[in-house]
Amino acid sequence: MLKLIKSLSAAVLLSVVTLSGAQASGGGVELKSVNWQHTGLFGTYDRAAAQRGLQVFQEVCASCHGLKQVAFRTLQDLGFTEDEVKAIAKEYTFEGGPDDDGEMFERSGKAFDKFPDPFANEKAARASNGGAFPPDLSLIVKARVGFENYLYSLMTGYEDAPADFDLTEGMNYNTYFPGHQIAMPSPISDEAVEYSDGTKATVDQMSKDVTVFLAWAAEPKLEARKHMGLRVILFLLVLTGLFFAVKKKIWSELK
Amino acid sequence: MSFEPKNPVVKWVDTRLPIIGMLHHALYEYPTPKNLSYWWTFGSLAGVMLVVQIVTGIVLSMHYTAHVDMAFDSVEHIMRDVNYGWLMRYMHANGASMFFVVVYLHIFRGLYYGSYKAPRELLWWLGLVIFLLMMATAFMGYVLPWGQMSFWGATVITNLFGAIPVVGESIVTWLWGGFSVDNPTLNRFFSLHYLLPFVIVGVVILHIWALHTTGSNNPTGIEIKDKQDSIPFHPYYTVKDLFGLGVFLIIFCGFLFFAPNILGHPDNYIPANPLVTPAHIVPEWYFLPFYAILRAVPDKLGGVMLMFGAIAVLFALPWLDKSRVRSARYRPIYKQLFWIFLIDCIVLTYVGGKPAEEPFILIGRLATAYYFIHILILLPLVGLYEKHKPLPASISESVLDKKTSAEEAGNA
Ligand code: HEM
């Protein structure tokens, strides 16, 4: 029994080492590491940060990036009231229809709508961005090696290119982007937004906030998941303990 | 304890279809060696995982859309809008990994204790068939969410068939249902991904039938000789397996609830794009050893043949291993070789996840060579020349020996 546990834990350890080794790719630069409130066993999203992050997204990123998987109604998860959500949705217009005459019309957004794409299609997006395509940000945090830390590092990683670096015309130097040349100009500058809760809008602060918001956008069920997980595992621990006791009892009757 | 039902309904059914008697037989009359260790739990765990995959898979299918324009979004719909959809999807995705963990441990258990030897050759073969079907199922399942790795993994793997001389190209076109991985490919993969698990269920039934015909092997590798050596499956192994299941579920839930994406690849959260090739195309971790073998050969056809060969040689194991002793417990040299072989497989897994550059190419080649050397050369030779330790006269003697030596150790 002890031997089995030993070999099993050795196997788990080995495979984790193997896998983490196998997956460590990326730009080769070590990312900045932030202690996010929502990581860890009990972590929950920092509501205030996520709300500020929504503001950064709306006022800065949304002119180039979509967030098409996220419905306005789900913003209630972040502590917005139903009315606030309706108000946020209303800021956007959508094509409705056809009406009884077969005409399409414009209508304002409803809570069930999802964030609209800023461009009609990929070609239009590329045309406005010097040929580069700004990806949808709904899943961006889960879609990059390094997750939150990558996004935060990217946002704060704009620098002047080293003298010997051959930067293509129209590109920008970013320490953390693979290859260091990114078509997106540094999106965030100091005071780019004005926070209503009085938080000082530094590049660092806004980068953290938008990262928390996009982490939530990518994994909105994180809190429900961990909450259920703790209960399930606690239950399983008790149940397994019982099984162990019963097993001991039944086997002890065997000569 | 032969089956004589008292309940009239049971009796009525059983005289017409002796199914309850069959179950009774499997649970109470099937004599099980009394010395099975926890390494014998993984078979029933694999069965549990198959059921988990089928149940979660059926629920996912109710909400999933197999179309290139909608598949990715439909998975996100499951993750966000479907009640407990995230739970089903993470259970299914992590469940596939857990299924492979369990089956790999199950296979290595068989290698260690010589469970593939006569009279269990067919049992071993059926297990390998299940393994092959699982690989096909998991490969096609991974294509369904239609992320970047789905698409490019499917492209790389299906292209392998193009290496077959003369008909290769036509076979690939036939597999794709067109001239690239596209909507017809996704549709047929979904259809087959739904079908194959039920084929697996069928083979599992044969596997268990064969098992109940030959009886379980055990850590000593010697057969049951008399009543002393065996106990009924129920309640002894039902309760032992339940305890094992509990421990396993805790580990499974650890991944499922606290690190559901750690075994996946971030690129699969990027929608498939035939115009953008990912920097490194890597399959799921459970395919990495075979991927390493595939890439160990510079020639495509050679690589493909070696990869399939890696599994084919396992079918020949009952004849390659010449030793008449089953369990590595009594085979001092084979025991060392077993652990080296295991490490070799871990090295292959590691290399399979690395880009094709030095030093990984060289390591991959050496590890691949060793894989085949172990099975094709060392195993037959060791079987012929190894001097095994004395075998206990019976299972119960070995159990008694163990007990007394433990007591002596305790008294000392
Ligand atoms: C041998 C058992 C099975 C294995 C090993 C397996 C494996 C997989 C894998 C690896 C994925 C990709 C998960 C992801 O990354 O999202 C997947 C997806 C899927 N599977 Fe299975 N599967 C099994 C049985 C089934 C069955 C029986 C069904 C249907 C009845 C099913 C339906 C689906 C569906 C609809 C998806 C797409 C949704 C998604 O990607 O999460 N699977 N499967």
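Everything numeric here is computed off the predicted structure, so don't read it as measured data.

So, how was this worked out
- Residues numbered from 1 in each chain as written.
- Chains lettered and ligands numbered in written order.
- Predicted model: local features only at pLDDT ≥ 70, side-chain atom pairs only at ≥ 80, totals over all residues.
- Heavy atoms only, no water.
- Contact = heavy atoms within 4.5 Å.
- Buried area = accessible area lost by both parts, 1.4 Å probe.
- Salt bridge = Lys/Arg side-chain N within 4 Å of Asp/Glu carboxyl O.
- Polar contact = N/O pair within 3.5 Å; in protein donor to acceptor, adjacent residues only side chain to side chain.
- Helix = DSSP H or I, 4+ residues; strand = E, 2+ residues; numbered from the N terminus.
- Donors = N, O, S within 2.8 Å, 3.2 Å for Na, K, Ca; no water.
- Tetrahedral: all angles 85-135°; square planar, octahedral: opposite > 155°, others 65-115°.
- Buried < 20%, exposed > 50% of the residue type's maximum accessible area, 1.4 Å probe, protein only.
- Near = heavy atom within 4 Å.
- Phe/Tyr/Trp six-rings, centres within 6.5 Å; stacked < 30°, edge-to-face > 60°.

As a further point, take the interface of chain A and chain B. Facing the 47 residues of chain A at the interface are 50 residues of chain B. Counting the surface lost from both chain A and chain B, the interface buries some 4,400 Å², and carbon and sulfur atoms represent 74% of this. Put simply, chain A and chain B have 2 salt bridges between them. Between aspartate 73 of chain B and lysine 68 of chain A there is a salt bridge, with its nearest N and O atoms 3.7 Å apart. Counting across the interface, chain A meets chain B through 9 residue pairs in polar contact (both at pLDDT 80 or more). Put simply, the parts of the chain that give the side of chain A that touches chain B at least two residues each are α1 (2-23), α6 (203-218) and α7 (222-252) of chain A. The element that contributes the greatest number of residues to the side of chain A that touches chain B is α7 of chain A, accounting for 17 residues.

Once that is clear, we can look at the coordination of the iron atom of the ligand. Reference geometry at the metal: tetrahedral coordination by four donors gives ideal angles of 109.5 degrees; octahedral coordination by six donors gives 90 or 180 degrees. Residue and element names in this part refer to chain B. Every protein donor of the iron atom of the ligand is listed here as His92 (NE2) and His193 (NE2), and their distances to the metal cover 1.9 Å. Of note is the iron atom of the ligand, whose 6 donor atoms meet at the metal with angles of 87 to 180 degrees in an arrangement that counts as octahedral. Of this pair, histidine 92 sits in helix α5 (residues 85-112) while histidine 193 sits in helix α9 (residues 183-214); the two residues are 101 residues apart in sequence, bridging distant segments of the chain. When its relative accessible area of 16% is taken as the criterion, histidine 92 is described as buried. Histidine 193 sits in the buried class, given a relative accessible area of 15%.

Residue and element names in this part refer to chain B. Neighbouring the ligand are 24 residues; Arg89, His92, Gly141, His193 and Tyr194 lie closest to it. Residue arginine 89 places a side-chain N or O atom 2.8 Å away from an oxygen atom belonging to the ligand. Between the ligand and the protein, one listed contact pairs a nitrogen atom with a side-chain N or O atom of histidine 92 at 2.8 Å. Only α3 (42-61), α5, α6 (121-143) and α9 provide two or more residues apiece to the shell around the ligand. For the shell around the ligand, the element with the highest residue contribution is α3, accounting for 6 residues.

Quick look at the packing of aromatic side chains now. All told, the structure shown has 42 aromatic pairs over all chains when counted by the stated rule. Their ring planes at 80 degrees and their centres at 4.9 Å tell us that phenylalanine 165 of chain A and tyrosine 173 of chain A sit as a pair that is edge-to-face. What makes phenylalanine 165 of chain A partly exposed here is its relative accessible area of 25%. Judged by its relative accessible area of 10%, tyrosine 173 of chain A is buried. Ring geometry for tryptophan 40 of chain B versus tyrosine 113 of chain B: centroids 4.9 Å apart, planes at 45 degrees, classification tilted. Of this pair, tryptophan 40 of chain B sits in the loop between β1 (31-33) and α3 while tyrosine 113 of chain B sits in the loop between α5 and α6, and the two are 73 residues apart along the sequence.

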